[in-house]
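Secondary and tertiary structure notes
Here is how the chains run, residue by residue.
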Amino acid sequence: MVRREDFIPEVIWTRGSDGFFLVPVRRQDDPDRWTALCRSDEGIATQVDDGEDRYGGKGVMPTSSSSAPWVMARMLDLLDLRDGMAVLEVGTGTGYNAALLAERTPAGAVTSIEIDPAIAEQARTALDQVGLPVTVVVGDGEAGVPDRAPFDRIIVTASVARVPYAWVEQTRPGGRIVLPFTSEFGGALLTLTVADGAGCGRFDREAGFMPLRGQRPDPPAWRHGDPDIRTTDRELRAPFDDPAAGFAVNTRMPGCALGRLVEGGAAPTLLLSHAPSGSWASLRSEPDRHEIAQHGPRRLWDELEAAYDWWDGLGRPGCDRFGLTVTPEGQTFWCDQPDQTIPTPCRADADGEAS
Ligand SMILES: C[S@@+](CC[C@H](N)C(=O)[O-])C[C@H]1O[C@@H](n2cnc3c(N)ncnc32)[C@H](O)[C@@H]1O
């Protein structure tokens, strides 16, 4: 059985004492800490800022990691990989998960694709050292690996906001795709089963991963232009604070960026923006009144309130009552059953609400 520490590089990254920067832990300097982190149930950042030193030896954004073992175990359960199957992993990282896949399908074939050539090379070396046969390919996994398709299973270990149809095309009918779905409101694991040229399936438990390189969120566009202002007694913070509410709201208004700003009010100002339409909204709270600002073609705060009320009216379902269907035309969220599709964007007056 393979050990995680056989795949973890000599230098890993943890949050520093300022709570912001990531700082290195070097195996040779602190072997006990390095080993304890490898044996923990936590994710371990193994690369920051795409491998560039932009902050004098510290890092800001984790860009490769060994995922938390409990999430890896759940994803492997959902994958239902059996011996003899062909499997594609998107996001090789350290190679540890690829090794677990290869152990589960010794008579099958494991292909793993990694976008960063240096990371792919380290994973190849580690996999060779433990003697497990994995074909590591360098490239953009959003295109899959057509040369080695079809696959019985695809597992994606970087988070996805838009599921590429190539993955559905490269999965055999009846096969499965397991991925961490993400939004700025929060994310959850998703299992799609492929049939009739579509991938369709339910969300599982909440989980967060670093995004695919090509799906990193757009820079938010807020507080430009001349917003409309209204005051209200309603201080709706739940979609920002409660993962179940946030997950549901995202199904009605995908692609939004969120922000929190401490401005000396009664609570941080909440910001919402949708870059493609140039719309933004904010909620600013004083002890006795709340002020909503909205700008752009979409009234994002009105949409947020309508989406929250819709979720509340459904009995506040968790993410496991939601699902996604992926076709050549795009992706559609649904609630309870694939034919109960969720219209977007959310407007208080929208027709055809999912029930
Ligand atoms: C969370 S790590 C993967 C963990 C890995 N499976 C393991 O066991 O260590 C995510 C990886 O996905 C890679 N990645 C990001 N975008 C990608 C893309 N479009 N195609 C392939 N790999 C990508 C990152 O470089 C990173 O190494």
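Residues numbered from 1 in each chain as written. Predicted model: local features only at pLDDT ≥ 70, side-chain atom pairs only at ≥ 80, totals over all residues.

**Here's the deal with the overall build of the protein**
Broken down by element type, the protein carries eight helices and 18 strands. Compactness check: the protein gives a C-alpha radius of gyration of 22 Å against a globular reference of 20 Å for 355 residues, within 12% of the reference. If one aligns the C-alpha atoms of the protein with their principal axes, the spans along those axes are about 65 × 50 × 30 Å. Out of the 355 residues belonging to the protein, those deemed buried represent 40%. Residue pairs at least 24 apart in sequence account for 54% of intrachain contacts in the protein once pairs closer than 6 positions are excluded. (Helix = DSSP H or I, 4+ residues; strand = E, 2+ residues; numbered from the N terminus. Rg over C-alpha atoms; globule rule 2.2 N^0.38 Å. Buried ≥ 20, exposed ≤ 12 C-beta atoms within 10 Å, placed from the backbone. Contact = placed C-beta atoms within 7 Å.)

**Thoughts on helix H8 (residues 300–313)**
Look at H8: 20 Å from first C-alpha to last across 14 residues, which is about the 20 Å you get at 1.5 Å a residue. Every buried residue of H8 is accounted for by Leu300, Trp301, Glu303, Leu304, Ala306, Ala307, Tyr308, Trp310 and Trp311. In this structure, the buried residues of H8 make contact with helix H6 (238–241), helix H7 (243–252), strand E14 (269–274), strand E15 (279–285) and strand E16 (290–295). Phi turns positive, to about 90°, at Gly315, one or two residues after H8. (Expected span 1.5 Å × (residues − 1).)

**Considering the site of the ligand**
Taken together, 25 residues surround the ligand, and among them Ser64, Gly91, Gly93, Asn97 and Gly141 come closest. The set of elements that each furnish at least two residues to the shell around the ligand consists of strand E4 (62–66), helix H3 (96–104) and strand E6 (109–114). At three residues, E4 tops the list of elements feeding residues into the shell around the ligand. Two domains each put at least three residues into the shell around the ligand: domain 1 (4–66) and domain 2 (69–209). (Near = placed C-beta within 6 Å. Domains from an automatic or database assignment.)

**Structural notes on the nonpolar core**
Counting 87 residues, the largest nonpolar core has Val249 and Leu272 as its most contacted members. Among the elements that take part in this core, H8 stands out by supplying eight residues, more than any other. Non-local contacts of Leu272, meaning those with residues more than four positions away in its chain, are made with Cys256, Leu258, Trp280, Ala281, Leu300, Trp301 and Leu304. (Core = buried A, V, L, I, M, F, W, Y, C linked by C-beta atoms within 7 Å.)

**Quick word on the packing of H7 against H8**
The contact between H7 and H8 brings their axes to 9 Å, and the two run at 120°. Relative to H8, H7 is oriented so that their crossing is right-handed. The segment H7 lies against H8, with Ala245, Ala248, Val249 and Arg252 engaging Leu304, Ala307, Tyr308, Trp310 and Trp311. Classifying every residue of the contact of H7 with H8 gives eight nonpolar, no polar and one charged. (Axes fitted to C-alpha atoms, helices over the stretch in contact; angles between N-to-C directions. Left-handed = near helix turned anticlockwise from the far one by under 90°. Nonpolar A, V, L, I, M, F, W, Y, C, P; charged D, E, K, R; others polar.)

**Things to note about the pairing of strand E1 (residues 11–15)**
In this sheet, strand E2 (residues 22–26) lies alongside E1 in antiparallel orientation, the contact comprising five bridges. Residue Arg15 lies in a different strand from E2, and its bridge partner there is Leu22. Between E1 and E2, which follow one another and run antiparallel, lie six residues, and Gly19 among them has a positive phi close to 75°. (Pairing = 2+ DSSP bridges.)

**Looking at the confidence of the model for the protein**
Chain-level pLDDT for the protein is 94 on average; 97% of the residues reach the 70-or-more range. Scored below 50 in pLDDT, residues 349–355 shows nine contacts in the model against residues more than four places distant or in partner chains. (pLDDT = per-residue confidence, 0-100.)

**Things to note about the sheet that holds strand E7 (residues 134–138)**
Strands sit in the order E7-E6-E5-E8-E9-E10-E11-E17-E18 across an open sheet of nine strands; the sheet is mixed. Sheet topology places E7 and strand E18 (330–335) at the edges, where each strand pairs with a single neighbour. Each adjacent strand pair in this sheet contributes to an overall mean axis angle of 20°, direction not counted. Here E6 pairs with E7 via five bridges, running parallel.

**Observations regarding helix H2 (residues 69–79)**
Buried residues of H2: Met75, Leu78 and Leu79, and no others. Viewed end-on, H2 has its buried residues packed into an arc of 100°, placing them on one side of the element. In H2, the exposed positions that point more than 90 degrees away from the buried face belong to Trp70 and Ala73. Where H2 is buried, its residues touch strand E8 (151–156), strand E9 (171–181), strand E10 (188–195) and strand E11 (198–206). (Arc of directions from axis to C-beta.)

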